[in-house]
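Here is how the chains run, residue by residue.
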Amino acid sequence: MPKLERISKPGPKRLLSVDGGGIRGVLSLGILRRIEAILKAQSGGRGDFRLCQYFDYIAGTSTGGIIAAGLSVGMSVDEILTFYREAGAQMFVKANLLRRLRYKFESEPLAEKLKEVFGASTNFGSDAIETLLLLVMRNATTDSPWPLSNNPYAKYNDPQRYDNNLKLPLWQLVRASTAAPTYFPPEVIVLRNEDRTKEKQFVFVDGGVTMYNNPAFQMFLMATLECYWPRAPRGQQGWSTGVDKLLIVSVGTGTSPAVQQGLDPDDMNLLFNATTIPSALMFAALSQQDVLCRVFGNCLAGDPLDRELGSLVACAGPLSEGQKLFAYVRYNAELTREGLDAIGCKDIQPEAVQKLDSIDAIPELLEVGTAVAEMKIKQDHFAGFPPI
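Draft legend 1. Region of the structure containing the pairing of strand E5 (residues 187–192). Only one face of E5 is buried: it carries Glu187, Ile189 and Leu191, and the other face, with Val188, Val190 and Arg192, is open. Two elements, E5 and strand E6 (residues 199–206), share six bridges in a ladder whose sense is antiparallel. Within E6, the position partnered with Arg192 by the bridge is Glu199. If you look at the hairpin formed by E5 and E6, you'll find six residues sitting between the two strands, and Arg196 has a positive phi there, around 60 degrees.

Draft legend 2. A look at unusual backbone geometry. Positive phi values are uncommon outside glycine, yet Ser62 reaches one of about 60 degrees. Looking at the secondary structure, you find Ser62 in the loop between strand E2 (57–61) and helix H3 (63–72). By relative accessible area, Ser62 is classed as buried at 7%. You will see that Asp143, though not glycine, has its phi angle at about 55 degrees, which is positive. Within the element layout of this structure, Asp143 appears in the loop between strand E3 (132–139) and strand E4 (144–149).

Draft legend 3. The environment of Asn214, seen in detail. Position of Asn214 relative to the elements: it lies in the loop between E6 and helix H7 (216–224). As for Asn214 and Gly60, which are separated by 154 residues in sequence, their C-alpha atoms are 7.7 Å apart. The contact partners of Asn214, leaving out residues within four places of it in the chain, are Ser17, Asp19, Ser250, Leu286, Gln289, Asp290 and Arg330. Polar contacts involving the side chain of Asn214 include one to the main-chain amide nitrogen of Ala216, which spans 3.0 Å. A polar side-chain atom of Asn214 sits 3.4 Å from the main-chain carbonyl oxygen of Leu286.

Draft legend 4. Layout of the pattern of salt bridges. Evaluated as defined, the whole model comprises 16 salt bridges. Notably, a salt bridge pairs Asp158 with Arg231, separated by 3.8 Å at the nearest N-O pair. On the criterion of sequence distance, the pair formed by Asp158 in the loop between E4 and helix H6 (170–177) and Arg231 in the loop between H7 and strand E7 (246–251) is long-range, its members being 73 residues apart. Residue Asp290 pairs with Arg294 through a salt bridge whose shortest N-O separation is 2.8 Å. Placement of the pair is Asp290 and Arg294 together in helix H8 (residues 270–296), with a separation of four residues, close to one helical turn. Using a relative accessible area of 2% as the deciding quantity, one classes Arg294 as buried. Each of Asp19, Asp290, Arg294 and Arg330 takes part in salt bridges that share partners, so that together they form one network.

Draft legend 5. Representation of the nonpolar core within the structure. Counting 76 residues, the largest nonpolar core has Leu32, Ile35, Val249, Val368 and Phe382 as its most contacted members. Per-element tally for this core: the top contributor is helix H2 (residues 25–42), with eight residues. Those residues in contact with Ile35, other than ones at most four positions away along the chain, are Leu51, Val249, Val251, Tyr331, Ile377 and Phe382.

Draft legend 6. Quick look at the packing of H2 against H3. At a minimum axis separation of 9 Å, H2 and H3 run at an interaxial angle of 40 degrees. Crossing geometry of H2 relative to H3 is assigned as right-handed. Where H2 abuts H3, its residues Gly25, Ser28, Leu29 and Leu32 lie against Thr63, Ile67 and Leu71. Here the contact of H2 with H3 is composed, by residue class, of four nonpolar, three polar and no charged.

Draft legend 7. Quick look at the environment of Leu16. With respect to the helices and strands, Leu16 occurs in strand E1 (residues 13–18). Since its relative accessible area comes to 0%, Leu16 is described here as buried. Each C-alpha atom, one on Leu16 and one on Pro215, is 9.6 Å from the other, the two residues being 199 residues apart in sequence. Not counting residues up to four positions away in its chain, the partners in contact with Leu16 are Leu32, Phe55, Tyr57, Ile58, Ala59, Leu71, Met219, Val249 and Val251.

Draft legend 8. Focus on the packing of aromatic side chains. Taken as a whole and assessed by the stated rule, the structure comprises 13 aromatic pairs. A ring pair is formed by Phe217 and Phe220, whose centres lie 5.5 Å apart and whose planes are at 40 degrees; its orientation type is tilted. Remark: Phe220 and Phe217 occur in helix H7; sequence separation between them is three residues, near one turn of the helix. Considered together, Phe217 and Phe220 belong to a single accessibility category, that of buried residues. Members of the aromatic cluster, joined through ring pairs, are Phe217, Phe220, Phe296, Phe326 and Tyr328. Positioned over the ring face of Tyr54 is Arg14, at 5.0 Å from the centre of the ring. Between Lys115 and the ring centre of Trp171, over which it is positioned, the NZ or CZ distance is 4.7 Å.

Thresholds applied
- Throughout this document, residue positions are counted from 1 along each chain, in the order its sequence is written.
- Note on the predicted model: pLDDT of at least 70 is required for a residue's local features to be given, and 80 or more for side-chain atom pairs to be given and counted; whole-chain, interface and lining totals, by contrast, use all residues.
- The basis for every side-chain value is the complete set of non-hydrogen atoms in the structure, without hydrogens or water.
- Three exposure classes are used, based on accessible area relative to the maximum for each residue type with a 1.4 Å probe and protein chains only: buried under 20%, partly exposed in between, and exposed over 50%.
- Labels follow the DSSP assignment, with helices taken as runs of H or I lasting at least four residues and strands as runs of E lasting at least two, numbered in each case from the N terminus.
- A pair of strands counts as paired when DSSP detects no fewer than two bridges linking them.
- Pairs of residues are marked as contacts when any of their non-hydrogen atoms sit within 4.5 Å.
- Polar contact is the term for a pair of N or O atoms within 3.5 Å; when the atoms are in protein, one must be able to donate a hydrogen and the other to accept it, and sequence-neighboring residues count only if both atoms are side-chain atoms.
- We count a salt bridge whenever a side-chain nitrogen from Lys or Arg sits within 4 Å of a carboxyl oxygen from Asp or Glu.
- The set of buried Ala, Val, Leu, Ile, Met, Phe, Trp, Tyr and Cys residues whose side-chain atoms join them within 4.5 Å is what this entry labels a nonpolar core.
- In this description, a line fitted to the C-alpha atoms serves as the axis of each element, helices being fitted only across the stretch in contact, and the angle between N-to-C directions of two axes falls anywhere from 0 to 180 degrees.
- Crossing handedness: left-handed means the near helix sits turned counterclockwise from the far one by under a right angle, and right-handed means the same turn made clockwise.
- Each residue gets one of three labels, nonpolar for Ala, Val, Leu, Ile, Met, Phe, Trp, Tyr, Cys and Pro, charged for Asp, Glu, Lys and Arg, and polar for the others, Gly among them.
- Centres within 6.5 Å make a pair out of two Phe, Tyr or Trp rings, where for Trp the six-membered ring is used; the pair is then stacked when the planes are under 30 degrees apart, edge-to-face when over 60, and tilted otherwise.
- Either the NZ atom of lysine or the CZ atom of arginine qualifies as a charge over a ring when it sits within 6 Å of the ring centre and within 35 degrees of the ring normal.

Keep in mind these numbers describe shape, not what the thing actually does.
In structure tokens:
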């Protein structure tokens, strides 16, 4: 079904969000593989079933951007998993000693792998992308988060604009979203008109350093607010809300809170703050997106957020049950000793699966994701939104 027809068609819409988290995206794939199997069975067991046939909008940040883009172009979860297994070590190529003062890995190997998967000439507006797709990055030039969607009705996707985002290469936007500071160098993207009389150059880094490392609630806003659909026909400027109209599935890459028992205040020097504050802010932002989804949506599944809030599953909050804006499920794992033990992964060492660039831990990450899926995903989570 053509994208315009699909996004304009009335009826329930299904949205999928995948967090950032480096190689820990493999954990997400373990969860997504179970979701794919459930929905495939519900759709009649078709061998060619893909998640892009079920979800109408897919969002991802950083490694989640790779997964989201792969799913949106019709890849199966196993095909994306093969990409991580085979290309993981080739993507994380150590930079030379001088460059390591700025970043740890070279950019070109990752760029070449992304070109292989998505095609060097596939742009953001390509018909090869079968769903609405949201990729999150940070524009260091403008000092602002850039959640980019291929929504044809978006303001900056107007074909009349020389800086039309739909003309940008898909692989390059994915690369920009994965340019984690200290891990990879930034991605430079140039927008220009045909005769090169107008030009804009932007420097992008990983969207994980914005408020949208978990892009679930931002995706909801971009799917429903009229201001994100300014060029749509009257009456079609945003999808309708309601627990029977929108389903949001949010998939994490694992959390690893760095508990500092017995921390001495005198230890909190400049180096300590430089190495701990970024991850603390990212974790807080990720959690806040999750909280917003659980408060404004009807949360069907999710781990406890903290000791005060609990899980907010079936919690009315400020909205009554009839006022909830969407149905919501959240699948994730805590990569601590206690968290791994709780899902039956007692033989996996937390240190092995907590790092963002631990290629050797791919089997263990997949095992964790599979354990999460088997324990936490229920078929009735999707009962209100069966495959078409």
